[in-house]
Amino acid sequence: MLRSLADRVDGMGPVADLPDGCLVDLVLDAVAVSGRVDALVAVAVGGFDAKTVWRGDGAKSCGGWLGARSELSVARAAGITSSGRDLRACPQLEAAWLGGVIGTAKARLLLDARQAWPDRFRDDEADLIAKIAPLTVAQAAKVTGLWAQLAAAARDADAAEQAGSDPDDQPEADPAASNRLHLSQTLDGRWALDGDLDAVTGTETNNLLDAWIDTQFTTGTYRPDDGLTRSQRRAHALAALLALSTQPGQTVHGDPRPSVAIHIDAATLTGTPVTDLNDLATRMCHLDDGTPISIRTAQRLCCTARITEMLVRISRDGTIETLGITDVLRDANRRQRRALRNRDRGCTFPGCTAPPHHCDAHHLTEWHHGGPTLLSNLVLLCRYHHHQVHEGGWRLWRSIRTGQLHLTKPDGTPVPIPTPGHLINPGHLINPDATASTEPPPPRPSPMRFETRHEQHQRDHQRQQRQRRDGDPPGPGPSG
């Protein structure tokens with residue numbers, strides 16, 4: 001391929017003089033050859049590194065030797081060395097990359113995914129290569145990201161099983177717990193602001209700032225030719241929002257700007273297990289920019305959301321076809337919020353003193369599982385305790401028999417919870433003489449997970465029974 005491409009380049013003359021068809025072929029062939037050359041370089045460097053030939057020149061590392069002897073930067077040489085070292089443990093990936101089945105970008109996606117989950121990657125290597133080969137790089141990135149997310153879920157489930165606990169009741173780490181914001185005054189009296197936010201909080205903050213800026217353009221305060229940079233406008237927005245609390249977000253088109261946009265499919269939202277990688281490609285649970293989030297986080301954000309339901313069909317190559325769209329208002333309205341403030345007087349979690357305006361209206365029975373947006377199914381929870389109930393493993397529910405609220409810890413221990421309706425003190429102090437209810441909580445929906453081997457055999461058995469009943473020839477045996 002290299003010789004053929006070189007001969008074409010030598011005799012073709014200026015590129016601008018080539019016919020369009022020849023130019024298309026040249027571009028595609030050059031890109032294909034480039035990917036295979038990248039694979040050859042990685043494999044060759046990996047073998048060179050394994051034999052430690054570079055030590056003979058007194059080099060400290062293969063990457064350092066390559067950076068000194070070639071036109072590559074030291075950082076790029078180190079990256080190629082690392083890829084070559086990893087390829088020695090991935091024979092199928094090496095063959096697919098060398099053979100042009102996948103290109104450099106997809107190979108690096110797979111190598112990056114392998115870094116965190118080498119054992120799981122060894123089992124799924126062939127399936128992943130076959131899955132992403134016909135996809136675009138963006139679609140392949142989505143598949144490898146979901147695969148890594150499911151690998152983490154499988155690890156947590158195995159750890160919970162070894163500990164003898166239910167993997168579905170294991171709390172998730174709160175990403176907001178590691179958020180940081182630094183504000184310090186410099187020598188000349190100015191202030192430096194720096195921070196590190198989780199994906200959801202960062203998206204909310206970013207969209208609130210953009211909503212305020214959009215409002216200033218709508219009112220004529222800002223103009224495209226006013227000379228202000230984006231960072232200057234965002235600084236103005238932050239100061240204004242801190243001074244005026246929150247502003248109703250409006251886009252330049254007058255539509256509400258979402259605080260956080262979530263994309264999630266119905267099967268994932270309802271906990272239907274993933275059967276294989278083909279099924280995995282039809283799943284989604286991520287923010288608008290593609291950042292993956294857990295299902296429990298999505299369920300928490302949906303408690304106080306304005307939902308736009310889109311009926312879509314997702315093909316196995318990741319193509320999305322929109323079939324219909326409708327708006328569904330599922331958050332508490334103004335009258336319900338007023339009633340909740342009067343009834344709950346703040347966060348209903350025992351001992352919490354958060355006032356009503358710092359609380360979300362939480363659906364005790366989740367909306368997508370049939371929980372209505374009615375006062376009997378709503379309680380006020382602050383942002384921290386809202387996370388604890390959805391992702392932290394705590395269970396809060398209302399008894400159908402008595403109408404009382406019940407609370408259990410992540411380990412299932414019941415916690416006494418006071419009766420709401422205090423005239424003052426929204427802290428909902430616990431009565432030390434009260435006893436917690438022993439009524440069992442309702443079942444919790446399972447997070448996204450791969451179908452277990454037992455479920456695979458059960459599904460295959462049911463399919464074979466249907467085939468015998470309908471007179472169809474039997475299909476393949478149980479899944480491996």
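Residues numbered from 1 in each chain as written. Predicted model: local features only at pLDDT ≥ 70, side-chain atom pairs only at ≥ 80, totals over all residues. Heavy atoms only, no water.

**Some details on the overall build of the protein**
Just so we agree on the cut-off: Put simply, DSSP H or I for four residues or longer makes a helix, DSSP E for two residues or longer makes a strand, and each gets a number counted from the N terminus. Between buried and exposed lies partly exposed: a residue is buried under 20% and exposed over 50% of the maximum accessible area for its type, with that area taken using a 1.4 Å probe on protein chains only. It only takes one pair of heavy atoms within 4.5 Å for two residues to be counted as in contact. Shrake-Rupley sampling with a 1.4 Å probe provides the accessible areas, and residues are treated as covered by the protein chains on show and by no other component.
Of regular secondary structure, the protein possesses 16 helices and 11 strands. Per-residue burial for the protein yields a buried fraction of 34% across its 480 residues. Partitioning the contacts of the protein with sequence separation of at least 6, the portion at a separation of at least 24 is 57%. Counting every atom, the protein has about 27700 Å² of accessible surface; 55% of that belongs to carbon and sulfur.

**Thoughts on the packing of helix α1 (residues 2-11) against helix α2 (residues 20-50)**
Put simply, the test is: Only the stretch in contact is used when fitting a helix axis, every axis being a line fitted to C-alpha atoms; angles between N-to-C directions are given from 0 to 180 degrees. To sort the angles, those under 35 degrees are grouped as roughly parallel, those over 145 as roughly antiparallel, those from 65 to 115 as roughly perpendicular, and the leftovers as oblique. Here is the rule for handedness: rotate from the far helix to the near one, and if that takes an anticlockwise turn smaller than a right angle the crossing is left-handed, while a clockwise turn gives right-handed. Residues are sorted three ways: Asp, Glu, Lys and Arg are charged, Ala, Val, Leu, Ile, Met, Phe, Trp, Tyr, Cys and Pro are nonpolar, and all the rest, Gly among them, are polar.
Running from N to C, α1 and α2 point in directions that differ by 140°, and their axes come no closer than 10 Å. By the angle class used here, α1 and α2 are oblique. For the crossing formed where α1 meets α2, the hand is left-handed. Note on element contacts: α2 touches α1 through Cys 22, Asp 25, Leu 26, Asp 29, Ala 30, Val 33 and Val 37, opposite Leu 2, Leu 5 and Arg 8. Of the residues contributing to the contact of α1 with α2, the split by class is seven nonpolar, no polar and three charged.

**Focus on the pairing of strand β1 (residues 180-185)**
Where we set the bar: The rule for pairing is simple: two strands pair if DSSP sees at least two bridges between them.
Looking at chain direction, β1 and strand β2 (residues 191-196) are connected through six bridges and run antiparallel. Across the sheet, Ser 184 pairs through a bridge with Ala 192, a residue of β2. In textbook terms, the turn of a hairpin is the stretch between consecutive antiparallel strands, and for β1 and β2 this stretch comprises five residues, one of which, Gly 189, has a positive phi near 90°.

**Some details on the pattern of salt bridges**
For the record, the criterion: By convention in these notes, a salt bridge is any Lys or Arg side-chain nitrogen within 4 Å of a carboxyl oxygen on Asp or Glu.
Going through the model one piece at a time under the given rule, you end up with 10 salt bridges. Of the charged contacts in the structure, one is a salt bridge between Asp 344 and Arg 343, with a shortest N-O distance of 2.8 Å.

**Some details on the sheet that holds strand β11 (residues 414-415)**
Taking strand neighbours across the sheet as the criterion, the three strands line up as β9-β10-β11 in an open arrangement whose pairing is antiparallel. Of all strands in the sheet, those bounded by a partner on one side alone are β9 (395-398) and β11. In the sheet, β9 pairs with strand β10 (residues 405-408) via four bridges, with the strands oriented antiparallel. The residue bridging Arg 398 from the neighbouring strand is Leu 405, located in β10.

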